[in-house]
Amino acid sequence: MTTLADRLAAVDGSIADAARSAGRSPDEITRIVVTKFHPASLVRELVELGVQDVAENRQQEFTAKSDELAELTQLRWHFVGQLQSKKAKTVRRSAAAVHSVDREKVVAALDVPEAEPLDVLVQINLTDDPNRGGVARDDATRLAETIVQTASLRLRGVMAVAPLGEEPGPAFERLARCADEVRRIASSATWMSAGMSQDFAEAIRFGATHLRIGTAITGPRPNQV
Ligand SMILES: *Cc1c(COP(=O)(O)O)cnc(C)c1O
C-alpha cells in the first residue's frame, strides 16, 4: 500500500526527470491534481502536502467542493470538463482557470463585463471525430480571437486530451503547433495544458506547461459512474 504522500512524491519525481530529459526546467511546469469523484477530505490532505492546484471536470462537483473548501483561499480550482453555457457563470465564480472553452457560446456565457479577467484556455480536439470534446484545430485561432476580444477573459493557451488508441507523442506534437499559433494571437497565451497519469512524460517532451494528473496521485476513483 502506498500513501497519497508517496504517490505525489513519485509523480513529482517523474515530472522532474521528464523535464530534465527534455532539456526543460521542472519549475516551468505546473502539476494540477484532478480530484474528481474523490471527497473534499482528499483535497484537504493534498493541501496539507503542499498542493496548490486542483481540477474537476463536472460543474456540480466543482461547485460543491470549491464551496465546501472556500476557506482554503490559497487553493486554485481549475475547471477541465465540458461546460454547459447555462452553468458557466457558476463555474466562473470559483474558478482560477477554465481549460475547456470549446465554442463561442461558452465564451459569451463566461463573459462578465467589468469583472477581473478570468484565465481561459481553448480546448482542442486532437481527433478527427467532431463528437469529441474541443474545437477543431482549424477553428482554434478563430475562437482564440473571440476570447481576446472579450475583456473579462484572459487567453492563456490551449488544452487537450490525447486521443485513445493512438500514440500520444504525435498528438501532442499537433497540439504544440496549435499552441504556437494561439500564442501569436496573445502574448498571455503561454500555457499548454496536456498530460494525464499515463502520458505526462510525453506531454512534457512536447512542451506541456500544465499537467492534469488524477489516478497516478489519488489512486483509483471511488464510485465512478
Ligand atoms: C480525469 C481527467 C484527467 C486526469 O486523468 P487521469 O488519467 O486520472 O490522470 C485529466 N484531464 C481531464 C480533462 C480529465 O477529465
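Nothing here was measured: the structure is a model prediction, and the numbers come from that model.

**Topic: unusual backbone geometry**
Phase 1: In the Ramachandran plot, Phe 37 falls in the positive-phi region, its phi being about 75° despite a non-glycine side chain.
Phase 2: You can see Phe 37 is positioned in the loop between strand S1 (30–34) and helix H2 (40–48).
Phase 3: We classify Phe 37 as buried; its relative accessible area is 17%.
Phase 4: One non-glycine residue, Glu 114, adopts positive backbone phi at about 80°.

**Overview of the pattern of salt bridges**
Phase 1: Scanning all chains against the criterion turns up 17 salt bridges.
Phase 2: Among the ionic pairs, Asp 12 bridges to Arg 31, the shortest N-O distance being 2.8 Å. Of this pair, Asp 12 sits in helix H1 (residues 4–21) while Arg 31 sits in strand S1; the two residues are 19 residues apart in sequence, bridging distant segments of the chain.
Phase 3: Since its relative accessible area comes to 17%, Arg 31 is described here as buried.
Phase 4: Taking the shortest distance from any N to any O, the salt bridge between Glu 61 and Arg 58 comes out at 2.6 Å.
Phase 5: The exposure class of Glu 61 is buried, given its relative accessible area of 12%.
Phase 6: Overlapping salt bridges, with partners in common, bring together Glu 56, Arg 58, Glu 61 and Lys 65 in one network.

**Things to note about the site of the ligand**
Phase 1: Taken together, Val 34, Lys 36, Asn 57, Val 80, Met 196, Ser 197, Arg 212, Ile 213, Gly 214, Thr 215 and Arg 221 make up the full set of residues near the ligand.
Phase 2: Within the side chain of Lys 36, one N or O atom sits 2.7 Å away from an oxygen atom of the ligand.
Phase 3: Here the ligand loses 89% of its free accessible area of 390 Å² to cover by the protein chains.
Phase 4: In terms of residue class, the shell around the ligand is built from four nonpolar, four polar and three charged.

**Description of the UniProt feature "domain: Alanine racemase N-terminal" (unreviewed entry) in the protein**
Phase 1: In the numbering used here, UniProt assigns the feature "domain: Alanine racemase N-terminal" (unreviewed entry) to residues 46–222.
Phase 2: Counted over residues 46–222, helix gives 36% and strand 21%. Its end C-alpha atoms are 17 Å apart.

So, how was this worked out
Residues numbered from 1 in each chain as written. Predicted model: local features only at pLDDT ≥ 70, side-chain atom pairs only at ≥ 80, totals over all residues. Heavy atoms only, no water. Helix = DSSP H or I, 4+ residues; strand = E, 2+ residues; numbered from the N terminus. Buried < 20%, exposed > 50% of the residue type's maximum accessible area, 1.4 Å probe, protein only. Salt bridge = Lys/Arg side-chain N within 4 Å of Asp/Glu carboxyl O. Near = heavy atom within 4 Å. Polar contact = N/O pair within 3.5 Å; in protein donor to acceptor, adjacent residues only side chain to side chain. Areas by Shrake-Rupley, 256 points an atom, 1.4 Å probe, with all protein chains shown as cover. Nonpolar A, V, L, I, M, F, W, Y, C, P; charged D, E, K, R; others polar. UniProt positions renumbered as here; feature names shortened; annotations may be inferred.

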